[in-house]
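If you want the building blocks of each chain, they are given just below.
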Amino acid sequence: MSNLPISADLIAEHNAKGLEALHEDYEALGRKLARTGIDIDAIKKRVAGFSVAVPSWGAGRGGTRFAKFPIPGEPTNIHEKLEDCSVINQLSTVTPRVSPHFPWDKVADYKALREEASELGLGWDAVNSNTFQDQVGQAHTYANGSLSSQDAGARQQAVDHNIECIEIGQQLGSTDLTVWVGDGTNFPGQQDFARSLDRYLDSAAQIYAALPGDWRMLLEHKMFEPAFYSTVISDWGSSILAAQTIGERCKCLVDLGHHAPNVNIEQIVARLHRFGKLGGFHFNDSKYGDDDLDSGSINPHQLFLVFNELAEAEANPRDGFNPSYMIDQSHNVTDPIESMLSSAEAITACFAKASLVDRAALHGAQEANDTMMAFQALRRAYNVDVAPILAMARVEAGGAIDVLAAYRASGYRARKAQERKPVGLGAGIV
């Protein structure tokens, strides 16, 4: 594709400087892995087949509770967002899909938008609805809830919006709808817990009934924010109960930041898969709560353990294994492209490390109650530096050996700063 944002010649020139060293590192790692019976080329093939979507909204600067600090060249519309997402995929080669959010990404012609994305080497992932903000001209407010609101008009408005998102997604070629609501309460007694859940389930059932036959509905839970006393779908238990009630193609989506600190998310993965309700992931990291920090920046070992459970699920698919993977971060102090490049690499690295686990040794130690050897089976894989595998897979797919260095060498952000309309200052969310 000649119209991609980064010149293929620039990527090739960048790679030429490090190709000899990469081959040396790859061959050395290959010999090391071969001593344990692992074929490095087989792992590289798995890595080459892995992908994770990027969110359209992630291409822009996020905001703290107090302010948003835009950067020059930040995208101002879906067309500019797609261009930035194309850069991420060009260099990383593992982010070929974009997840849009409506009404933020609304356009007049979705067929043209689909073609535009295709020309940039991109497809479309799950569509996301927005019933947590009021829009200009909206007839009913979501201040007191959306799908679970006491106001029947607000509930119907939220249902209609989700159905509209499905219709848009059909034009784009998506097959998943992600539903997250901020419904909940900030005071004891504000709402009846049981009745608010009943209203949510009734509304969600209407949306589910509008799904095309090959679509899934992904329910996203969140412990708190914007509701700080109670949230209607607050945890994986609420999510799986709702999904089981709504229908077979209703699944649970796990956002890594939507849990209390120190929750065992990898166990949640195993439980959801056990009951056929594991729908997908939003990858990010957290220190205190729903921080939406860059994936792997705080607890990369947890990310590895999540992928270890995903590897177990893939090996034992039960009723099927087809989770949707997406990065979901707020880039408040970094260039969003750099953050998503870094996160894509961290996510892919953990996927690769989970592929290195000696499952026979792990399962044997588990059955023998040999705690230390079971732990060491995981630790050996986690300690492997898989960077040469990832870089070789990227090079062979036309990507960059060093994604951040290639991006900075391209001068892309500086060019966009000259071409794009500046984004205004934001007041934050307080």
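The structure we're discussing is the one just above.
Each value, and the rule that gives it
- Residues numbered from 1 in each chain as written.
- Predicted model: local features only at pLDDT ≥ 70, side-chain atom pairs only at ≥ 80, totals over all residues.
- Heavy atoms only, no water.
- Helix = DSSP H or I, 4+ residues; strand = E, 2+ residues; numbered from the N terminus.
- Rg over C-alpha atoms; globule rule 2.2 N^0.38 Å.
- Contact = heavy atoms within 4.5 Å.
- Areas by Shrake-Rupley, 256 points an atom, 1.4 Å probe, with all protein chains shown as cover.
- Lys, Arg positive; Asp, Glu negative; His and termini not counted.
- Charge placed at Lys NZ, Arg CZ, Asp CG, Glu CD.
- Salt bridge = Lys/Arg side-chain N within 4 Å of Asp/Glu carboxyl O.
- Buried < 20%, exposed > 50% of the residue type's maximum accessible area, 1.4 Å probe, protein only.
- Axes fitted to C-alpha atoms, helices over the stretch in contact; angles between N-to-C directions.
- Parallel < 35°, antiparallel > 145°, perpendicular 65-115°, else oblique.
- Nonpolar A, V, L, I, M, F, W, Y, C, P; charged D, E, K, R; others polar.
- Patch = residues over 30% accessible without salt bridge, like charges linked within 9 Å, V, L, I, M, F, W, Y side chains within 5 Å.
- Expected span 1.5 Å × (residues − 1).
- Arc of directions from axis to C-beta.
- Pairing = 2+ DSSP bridges.

**Student:** Please explain the overall build of the protein as it appears in this structure.
**Tutor:** When its secondary structure is counted, the protein shows 15 helices and 11 strands. A compact globule built from 430 residues would reach a C-alpha radius of gyration of about 22 Å, and the protein, at 22 Å, matches this within 12%. For the protein, the C-alpha atoms occupy an extent of roughly 65 × 60 × 40 Å along the three principal directions. Within the protein, residue pairs in contact and separated by at least 24 positions form 79% of the contacts whose partners lie at least 6 positions apart. Counting only carbon and sulfur atoms, one obtains 52% of the accessible surface of the protein, whose full area is about 19200 Å². Side chains of the protein carry 38 positive and 55 negative charges; the gap between the two charge centres is 2 Å.

**Student:** Even after reading the chapter, I still don't get the pattern of salt bridges, so can you show me in this structure?
**Tutor:** Any two side chains of opposite charge can pair, so long as their charged atoms come close to each other. Applying the stated criterion across every chain, the model contains 21 salt bridges. We note a salt bridge from Arg 97 to Asp 125, for which the minimum N-O separation is 2.9 Å. Of this pair, Arg 97 sits in strand 2 (residues 97-99) while Asp 125 sits in the loop between strand 3 (123-124) and strand 4 (127-128), and the two are 28 residues apart along the sequence. Judged by its relative accessible area of 22%, Arg 97 falls in the partly exposed class. A relative accessible area of 9% means that Asp 125 is categorised as buried. What you see here is one network of salt bridges that share partners, running through Glu 80, Glu 83, Asp 84, Asp 335, Arg 413, Lys 416, Glu 419 and Arg 420.

**Student:** Would you take a moment to explain the packing of helix 1 (residues 8-34) against helix 2 (residues 40-48) for this structure?
**Tutor:** Between two packed helices, both the angle of their axes relative to each other and the distance between the axes serve to describe the pair. In the contact formed by helix 1 and helix 2, the axes pass within 9 Å of each other and the chain directions differ by 115°. Taken together, the axis directions place helix 1 and helix 2 in an arrangement best described as roughly perpendicular. Each of Tyr 26, Leu 29, Gly 30 and Leu 33 in helix 1 lies in contact with helix 2, whose residues at this interface are Ile 40, Asp 41 and Lys 44. Residues of the contact of helix 1 with helix 2, tallied by class, amount to 4 nonpolar, 1 polar and 2 charged.

**Student:** Would you explain a nonpolar patch on the surface in this entry?
**Tutor:** Residues Met 372, Met 373 and Phe 375 make up a contiguous nonpolar surface patch of about 280 Å² in total accessible area. Secondary-structure assignment places Met 372 in helix 12 (residues 371-382).

**Student:** Is there a simple way to explain helix 10 (residues 336-355) in this structure?
**Tutor:** For an α-helix, the turn length of 3.6 residues means that residues three or four places apart are oriented alike. Helix length check: helix 10 (20 residues) gives 28 Å between terminal C-alpha atoms against 28 Å at 1.5 Å per residue, within 8%. Judged by how many residues are buried, helix 10 sits mostly within the fold: 16 of 20 residues are covered.

**Student:** I keep staring at helix 8 (residues 265-274) and nothing clicks. Help me out?
**Tutor:** Listed as buried for helix 8 are Ile 265, Glu 266, Ile 268, Val 269, Leu 272 and His 273. Seen along its axis, helix 8 keeps its buried residues to an arc of 155°; they face one direction. Positioned one or two residues after helix 8, Gly 276 has a phi angle of 70°, which is positive.

**Student:** What should I look at first to understand a negative patch on the surface in this one?
**Tutor:** Side chains of Glu 20, Glu 24, Asp 25, Glu 27 and Asp 385 sit close together on the surface and give a patch of like negative charge. Along the polypeptide, Glu 24 turns up in helix 1.

**Student:** Even after reading the chapter, I still don't get the sheet that holds strand 3, so can you show me in this structure?
**Tutor:** Note on sheets: strands pair through backbone hydrogen bonds, and any given pair is parallel or antiparallel. Read from one edge to the other, the open sheet built from 3 strands follows the order 1-2-3, with strand pairing classed as parallel. Edge strands, defined here as strands with exactly one partner in the open sheet, are strand 1 (54-55) and strand 3. Sheet analysis places strand 1 next to strand 2, joined by 2 bridges and oriented parallel. Along strand 2, the bridge assignment pairs Val 54 with Val 98.

**Student:** Quick question: what am I supposed to make of the side chain of His 101 here?
**Tutor:** Tracing the sequence through the fold places His 101 in the loop between strand 2 and helix 4 (110-119). Assessed through its relative accessible area of 6%, His 101 is described here as buried. For His 101, the contacting residues outside a window of four places in its chain are Ser 56, Trp 57, Asn 128, Ser 129, Asn 130 and Phe 132.

**Student:** Looking at this model, I keep getting lost on the sheet that holds strand 7 (residues 216-220). Mind explaining?
**Tutor:** Ordered by their spatial adjacency, 6 strands build an open sheet running 4-5-7-9-10-11, and the pairing between neighbours is parallel. At either margin of the open sheet sits one strand with a lone partner, and together these are strand 4 and strand 11 (324-327). Note: strand 9 (residues 250-255) against strand 10 (residues 278-283), 4 bridges, orientation parallel. Within the sheet, the bridge partner assigned to Leu 253 lies in strand 10 and is Gly 280. On the sheet, helix 9 (residues 300-315) packs against strand 10 and strand 11 and is oriented at approximately 160° with respect to strand 10.

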